[in-house]
Amino acid sequence: MREHFEKFDLLPLSFSHLNEFAFYRERWALKRIFGYDFPTSASGIRGQCVESGINMFLNGISLEEATEKMLAEYDTNCSRINDPKTEDERNNLVPLLERGTKEFQFYAYRWTLLNYQKKVELEIDTIPFVGYTDFHFEDKNTKEDFYIDLKTSKSLPQRISISHAMQQSIYQKATNAKQILWYLKNPTKTLDAQYIAMTLDDYSQPYNICKHILKVMGNYLKNVNTPDEVRNTLVPNPDNWIWKEPTVFQARKEVWGY
């Protein structure tokens, strides 16, 4: 099966490859087959910068200095994009950082930070995968290591989404360590930034879904040999929300003509 991925130079795969192929296949094709590079969004940069600010704080930088550096990082990264929500998301940064660092402080005497953005690698059914974790900790008492994946969002989830569960299962398989999801919710006019932690009780089901998607992906790639053949096996839905981003919409027009 590996040769079907190699003919399009797709290896190693990442979780985002798998997720986009399964649920947003036309965008997957635009990025992975046709080589389009789409800009990130202000909300995506928000999440990256909050993580960066928390990491600075965990490494001994004062909250004041971490805040300044986080805002500067956000401004620099957003200078490369054109997103109408840039200023709104900037206003979310400090409340999210303050809530996140407050939560981590509860565990400072129990946990030791081992790593941040650690590269992890594994093979799933002979197909190589690569990913980057968020925070890698060790419990000072039990000496057990574990990972925290930080997510920032507009709302607190009621449950772990299938996409997040799949990602957690891949990282658990790669590290053989417990995975924890921390969600930080944007503040509103009436509520401060909020927090919730969630863990999976069973990694096997989402991992089996990943394996199934990988098998479907291999079967699909087996039957196409050129970008033209990929284009002619997919039908973009013009009503899908993914086309709201102008660069993605323009790429769709260039590839499919509409």
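Before any of the text, the structure's been laid out above.
Residues numbered from 1 in each chain as written. Predicted model: local features only at pLDDT ≥ 70, side-chain atom pairs only at ≥ 80, totals over all residues. Heavy atoms only, no water.

1. Looking at the overall build of the protein chain
The number of helices and strands found in the protein chain is 10 helices and 7 strands. A compact globule built from 258 residues would reach a C-alpha radius of gyration of about 18 Å, and the protein chain, at 20 Å, matches this within 12%. Considered along the principal axes of its C-alpha atoms, the protein chain spans approximately 55 × 45 × 30 Å. In the protein chain, which comprises 258 residues, the share counted as buried stands at 46%. Taking the intrachain contacts of the protein chain between residues at least 6 apart in sequence as the baseline, contacts between residues at least 24 apart amount to 68%. Element-wise, carbon and sulfur atoms account for 46% of the exposed surface of the protein chain, whose accessible area totals about 13700 Å². The distance from the centre of the 32 positive side-chain charges to the centre of the 35 negative ones in the protein chain is 4 Å. (Helix = DSSP H or I, 4+ residues; strand = E, 2+ residues; numbered from the N terminus. Rg over C-alpha atoms; globule rule 2.2 N^0.38 Å. Buried < 20%, exposed > 50% of the residue type's maximum accessible area, 1.4 Å probe, protein only. Contact = heavy atoms within 4.5 Å. Areas by Shrake-Rupley, 256 points an atom, 1.4 Å probe, with all protein chains shown as cover. Lys, Arg positive; Asp, Glu negative; His and termini not counted. Charge placed at Lys NZ, Arg CZ, Asp CG, Glu CD.)

2. Some remarks on the side chain of glutamine 168
If you trace the backbone, glutamine 168 turns up in helix H7 (residues 162-175). Among residues more than four places away in sequence, those in contact with glutamine 168 are Asp149, Gln179, Ile180, Leu181, Leu200 and Tyr203.

3. Description of empty space enclosed by the protein
Tallying each qualifying case throughout the model produces 1 cavity of 30 Å³ or more. Looking at the largest cavity, its volume works out to about 50 Å³. Lining the largest cavity we find Ser14, Phe15, Val120, Leu122, Phe129, Val130, Gly131, Ile170 and Tyr171. Put simply, the parts of the chain that give the lining of the largest cavity at least two residues each are strand E2 (119-124), strand E3 (127-132) and H7. (1 Å grid on protein atoms, 1.4 Å probe; cavity = no way out; pocket = protein on both sides within 12 Å on 5 of 7 lines; lining within 4 Å. Points joined across faces, edges and corners; volume = space filled by probe spheres on them.)

4. Observations regarding the sheet that holds strand E5 (residues 145-153)
Strand order in the open sheet formed by 5 strands is E1-E4-E5-E6-E7, and the pairing between neighbours is mixed. Edge strands, defined here as strands with exactly one partner in the open sheet, are strand E1 (111-116) and strand E7 (194-198). Looking at each pair of strands side by side, their axes are set apart by 30 degrees on average, direction ignored. Its contacts with the sheet place helix H4 (residues 42-58) against E1, strand E4 (135-139), E5 and strand E6 (178-185), and it is angled at close to 135 degrees to E5. Where H7 meets the sheet, it contacts E5 and E6, and its direction lies at approximately 145 degrees from that of E6. (Pairing = 2+ DSSP bridges. Axes fitted to C-alpha atoms, helices over the stretch in contact; angles between N-to-C directions.)

5. Looking at the pattern of salt bridges
One pass over the structure, following the stated rule, counts 11 salt bridges. For arginine 27, the salt bridge identified is with glutamate 20, shortest N-O distance 2.8 Å. Its relative accessible area of 18% is what places arginine 27 among the buried residues. Taking the shortest distance from any N to any O, the salt bridge between arginine 32 and glutamate 20 comes out at 3.8 Å. A residue pair is termed long-range when its members are at least 10 positions apart, and arginine 32 in helix H3 (residues 25-33) and glutamate 20 in helix H2 (residues 15-23) qualify at 12 residues. Assessed through its relative accessible area of 6%, glutamate 20 is described here as buried. (Salt bridge = Lys/Arg side-chain N within 4 Å of Asp/Glu carboxyl O.)

6. Comments concerning the packing of H7 against helix H8 (residues 204-222)
At a closest axis distance of 8 Å, the pairing of H7 and H8 adopts a crossing angle of 95 degrees. In terms of their interaxial angle, H7 and H8 are classed as roughly perpendicular. Seen from H7, the contacting residues are Ile162, Ala165, Met166, Ser169, Ile170 and Lys173; seen from H8, they are Pro206, Tyr207, Ile209, Cys210 and Ile213. The class makeup of the residues in the contact of H7 with H8 is 9 nonpolar, 1 polar and 1 charged. (Parallel < 35°, antiparallel > 145°, perpendicular 65-115°, else oblique. Nonpolar A, V, L, I, M, F, W, Y, C, P; charged D, E, K, R; others polar.)

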